[in-house]
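# Structural characterization, general
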Amino acid sequence: MKLLSLFKKTDKTGSDSTIDSNEILEGAARSEGTDAVETVLSLHPQWTLSQEQEYVFRFLANELEPLKPNQISLSGIDIDVEPANGSWLVKSFFRSSLDQTITVGSVELMLLDAEGKTLASQEFDLNELGDIPGRSARPWVFVFTKDNIFADAPPAENWKLAFNVQSMVPHKLELEQAWEDGLSQEQKDALAKVVENMPKLKPREVNFAGFQVKIQDDGSIAASIFIRNGHSKQINIEKLPLELVDATGEIVARGSFNLGPLSVKANTSKPWTFIYPKEMVLKEDPDFSRWTIRVPQ
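Residues numbered from 1 in each chain as written. Predicted model: local features only at pLDDT ≥ 70, side-chain atom pairs only at ≥ 80, totals over all residues. Heavy atoms only, no water.

### Overview of the overall build of the chain
To keep things clear, this is the line we draw: Helix and strand definitions follow DSSP, with helices as H or I runs of at least four residues and strands as E runs of at least two, each counted in order from the N terminus. Between buried and exposed lies partly exposed: a residue is buried under 20% and exposed over 50% of the maximum accessible area for its type, with that area taken using a 1.4 Å probe on protein chains only. Any pair of residues with heavy atoms lying within 4.5 Å of one another is described as a contacting pair. To be clear on the numbers: accessible area is Shrake-Rupley with a 1.4 Å probe, and residue cover counts the displayed protein chains and nothing else.
Looking only at helices and strands, the chain features 3 helices and 15 strands. Here the chain holds 297 residues, and the buried ones make up 43% of them. Within the chain, contacts between residues separated by at least 24 positions form 72% of all contacts whose residues are at least 6 apart in sequence. Surface summary for the chain: the accessible area is close to 15,900 Å², and the carbon and sulfur share equals 47%.

Shown next, in the form of structure tokens:
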């Protein structure tokens, strides 16, 4: 593992980010008691270390503050920049105060500055860390690629590597009150099922997925879509230009909609119906055997 050489004995510049284990580990057994839990160094079984390298890891691990029971924590060490591609190499300990061995799947991690501003965020498959023994601290290097970095340079101090807890819970349906009141429970369940079966969003991705289109008696077209929010925060949409495209790839209707604003909570999909008046319709007899709705380029 060539990344081992990136760790060195250093003054710690990152701070801890800690959450209750139940927030990311379904069905995890809880530790007993309320005393602080010391964590011991746990190295990935595929790593081969010199005596000097192991000393450095052990020194850094011994400096870590104890955890409370039933916590999962990220404790930052330092950050390097990869000269070849501009990636940030964020060195951290992944820590667990649980009694039993755990594994963790894909999770979005955020690099925050002292004011809590997100400097980088990216999804990582934490299965790569392997099995994490109980009451342990496992060192790892999280590589944030350039397209997931939002600052010119990494912070020198008082930064934090944090779990995006919102990314750890299933993406779910969100309904405006009018939809909540106007739909039967069966219809709500059907929409929730559609949302559940959609492809997973990338971190910070927002897209639109159509589920129903209908030509009205007055010649207008009503297109119902899901506004899908992959951000860790709520988004607010004031104005949205949209094109309706049929199976032939031709634009059926085009318009801009004032939404006033429309809010979509973090990690949710909200259904909304956009009605194109007859004067916005550009094509007669569209083929809606397949269709999409998109923001104009």
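### Topic: the pairing of strand β14 (residues 268-276)
Rules: DSSP-based pairing: two strands are paired if at least 2 bridges between them are found.
Pairing of strand β9 (residues 172-173) with β14, which is carried by 2 bridges, proceeds in the parallel orientation. By the bridge assignment for β14, Leu-173 is matched with Ser-269. Sheet topology note: the strand β11 (residues 221-229)/β14 ladder contains 9 bridges and is antiparallel. Bridge assignment links Ile-225 to a residue of β14, and that residue is Trp-272.

### Things to note about the pattern of salt bridges
Keep this limit in mind: In the sections that follow, a salt bridge refers to a side-chain nitrogen of Lys or Arg positioned within 4 Å of a carboxyl oxygen of Asp or Glu.
Overall, the coordinates contain 12 salt bridges when judged by the stated rule. The salt bridge partner of Asp-99 is Arg-135, with a shortest N-O separation of 3.0 Å. With a gap of 36 residues between them, Asp-99 in the loop between β4 (88-96) and β5 (106-112) and Arg-135 in the loop between β6 (118-125) and β7 (136-144) connect regions that are remote in the sequence. Note on Asp-99: relative accessible area 44%, which makes it partly exposed. Between Lys-270 and Glu-176 there is a salt bridge, with its nearest N and O atoms 2.4 Å apart. Placement of the pair is Lys-270 in strand β14 and Glu-176 in the loop between β9 and α2 (177-182), with a sequence separation of 94 residues. Lys-270 sits in the buried class, given a relative accessible area of 0%. You can call Glu-176 partly exposed: its relative accessible area is 26%. Each member of the salt-bridge network shares a partner with another, and the members are Asp-78, Asp-80 and Lys-91.

### Structural notes on the sheet that holds β14
Spatially, β9-β14-β11-β10 is the arrangement adopted by the 4 strands of the open sheet, whose pairing is mixed. Single-partner strands in this sheet number two, and they are β9 and β10 (206-215). By the bridge criterion, 9 bridges tie β10 to β11 in an arrangement that is antiparallel. Paired with Asn-207 across the strands is Arg-228, a residue of β11.

### Description of the sheet that holds strand β15 (residues 292-294)
Inclusion rule: Fitting a line to C-alpha atoms yields each axis, with helices limited to the stretch in contact; the angle taken between N-to-C directions then spans 0 to 180 degrees.
Taken together, the 3 strands give an open sheet; going across it, the order is β13-β12-β15, and neighbouring strands pair in antiparallel fashion. Every other strand in the sheet has two partners, leaving β13 (251-264) and β15 as the edge strands with one partner each. Direction aside, the axes of adjacent strands within the sheet are offset by 30 degrees on average. In this structure, strand β12 (residues 235-245) lies alongside β13, joined through 10 bridges in antiparallel fashion. In the sheet register, Lys-239 faces β13, and the bridge partner there is Asn-258.

### Examining unusual backbone geometry
Backbone phi values are negative for most residues with the exception of glycine, while trans is the configuration of most peptide bonds. Note the cis peptide between Gly-260 and Pro-261, where omega equals -15 degrees. Residue placement: Pro-261 occurs in strand β13. One non-glycine residue with positive phi stands out, namely Arg-135, at about 55 degrees. In the Ramachandran plot, Asp-285 falls in the positive-phi region, its phi being about 50 degrees despite a non-glycine side chain. Within the element layout of this structure, Asp-285 appears in the loop between β14 and β15.

### Focus: helix α1 (residues 51-62)
Rules: In a helix, the anticipated span is given by 1.5 Å times the number of residues less one. An arc is given here, and it is the one of the directions from the helix axis to the C-beta atoms.
If you check α1, its first and last C-alpha atoms are 16 Å apart, about what 12 residues at 1.5 Å a residue would give, namely 16 Å. Within the sequence span of α1, burial applies to Val-56, Phe-57, Leu-60 and Ala-61. Along α1, the residues classed as buried sweep out an arc of 130 degrees about the axis, all on the same side. Relative to its buried face, α1 has exposed residues pointing more than 90 degrees away, namely Gln-51, Glu-52 and Asn-62. At its buried positions, α1 is contacted by β2 (40-41), β3 (71-81), β4 and β7.

All quantities given are derived from atomic positions and should not be read as evidence of function.
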